[in-house]
Amino acid sequence: MQTVFSETITRVGAMKTIDTEFKREIAACPGGEHIMRCFACGTCVLSCPVSEVTADYSPRRIIRMILLGMKEEVLGSEAIWYCMSCYRCHVRCPQDVKYPEIMRVLRKLAVEQGYVTPGFITAVNEVDIAAQKIRRDMLKSILKKRDSITKEDIAEIRTLSGNGARGR
Ligand code: SF4
Ligand code: SF4
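Residues numbered from 1 in each chain as written. Chains lettered and ligands numbered in written order. Predicted model: local features only at pLDDT ≥ 70, side-chain atom pairs only at ≥ 80, totals over all residues.

1. Quick word on the overall build of the protein
Item 1. What the protein contains, in helices and strands, is 10 helices and 0 strands.
Item 2. Written out in order from the N terminus, the α and β elements of the protein read α-α-α-α-α-α-α-α-α-α.
Item 3. Counting all 168 residues of the protein, 23% fall into the buried class.
Item 4. Taking all contacts inside the protein whose residues are at least 6 apart in sequence as the whole, residues at least 24 apart take part in 68%. (Helix = DSSP H or I, 4+ residues; strand = E, 2+ residues; numbered from the N terminus. Buried ≥ 20, exposed ≤ 12 C-beta atoms within 10 Å, placed from the backbone. Contact = placed C-beta atoms within 7 Å.)

2. A closer look at the site of ligand 2
Item 1. Near ligand 2 there are 14 residues, and of these Cys48, Cys83, Cys86, Arg88 and Cys89 occur at the shortest range.
Item 2. A class-by-class count of the residues in the shell around ligand 2 yields 11 nonpolar, 2 polar and 1 charged. (Near = placed C-beta within 6 Å. Nonpolar A, V, L, I, M, F, W, Y, C, P; charged D, E, K, R; others polar.)

3. Observations concerning the environment of Pro100
Item 1. In this structure, Pro100 sits in helix H8 (residues 99-112).
Item 2. Spatially, the C-alpha atoms of Pro100 and Met84 are 8.2 Å apart, while their sequence positions differ by 16 residues.
Item 3. Apart from the residues within four sequence positions on either side, Pro100 is in contact with Cys83, Ser85, Tyr87 and His90.

4. As for the confidence of the model for the protein
Item 1. Residues at a pLDDT of 70 or more form 87% of the protein, whose mean pLDDT is 88.
Item 2. Predicted confidence in the protein is weakest over helix H1 (residues 5-10), with a mean pLDDT of 44, and strongest over helix H5 (residues 59-67), with 98.
Item 3. Note on residues 3-12: pLDDT is under 50 here. Beyond four places in sequence and across chains, it has 14 contacts. (pLDDT = per-residue confidence, 0-100.)

5. Considerations on the nonpolar core
One recurring pattern in soluble globular proteins: nonpolar side chains tend to sit buried together.
Item 1. In terms of nonpolar packing, the biggest core is built from 25 residues, with Ile35, Ile66, Val74, Tyr99, Ile102 and Leu106 touching the most fellow members.
Item 2. Broken down by secondary-structure element, the contributors of at least two residues to this core are helix H2 (22-27), H5, helix H6 (71-75) and H8.
Item 3. A per-element tally of this core places H8 first, with 6 residues.
Item 4. Leave out the neighbours within four places in its chain, and Tyr99 touches Cys44, Pro59, Cys89, His90 and Cys93. (Core = buried A, V, L, I, M, F, W, Y, C linked by C-beta atoms within 7 Å.)

Take a look at the structure:
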């Protein structure tokens, strides 16, 4: 599995194959129909909470790699597992590219083609459940005082999430 997307991009010269049918393979799957509409505006990147905390994660870049036929790099990358299916990118995409659905297709292909093991999928599911529990507990905490949230509360949440540098 590739470590980061920037590495993937720099490996283009060493790439074994380009699959020019990859974009059509994705477009033929439910949810992938609009992938070729992407005009690389970057709205998805600006909307994405994963991009906000993971500098080298870019939905736009993944779409470009698919359109360029970089099938092995995409299916073997870590990035396709980072998406948390929040749909913010899809809601804001001016071209109605259904990025979370495309991620679902890519994950299915990665499993079917042996890029990851069944054990890995189980581990990913456990991470998602654990993340939801943390989110639920943090939400419960702020819901108790929803009418009186202060700047200090926001700062505390940022500290707890390790996101203290935000808020610029
Ligand atoms: S917001 Fe939509 S059109 Fe813009 S880069 Fe992302 S996927 Fe492409
Ligand atoms: S659905 Fe995935 S890529 Fe889109 S904004 Fe949410 S986490 Fe980011």
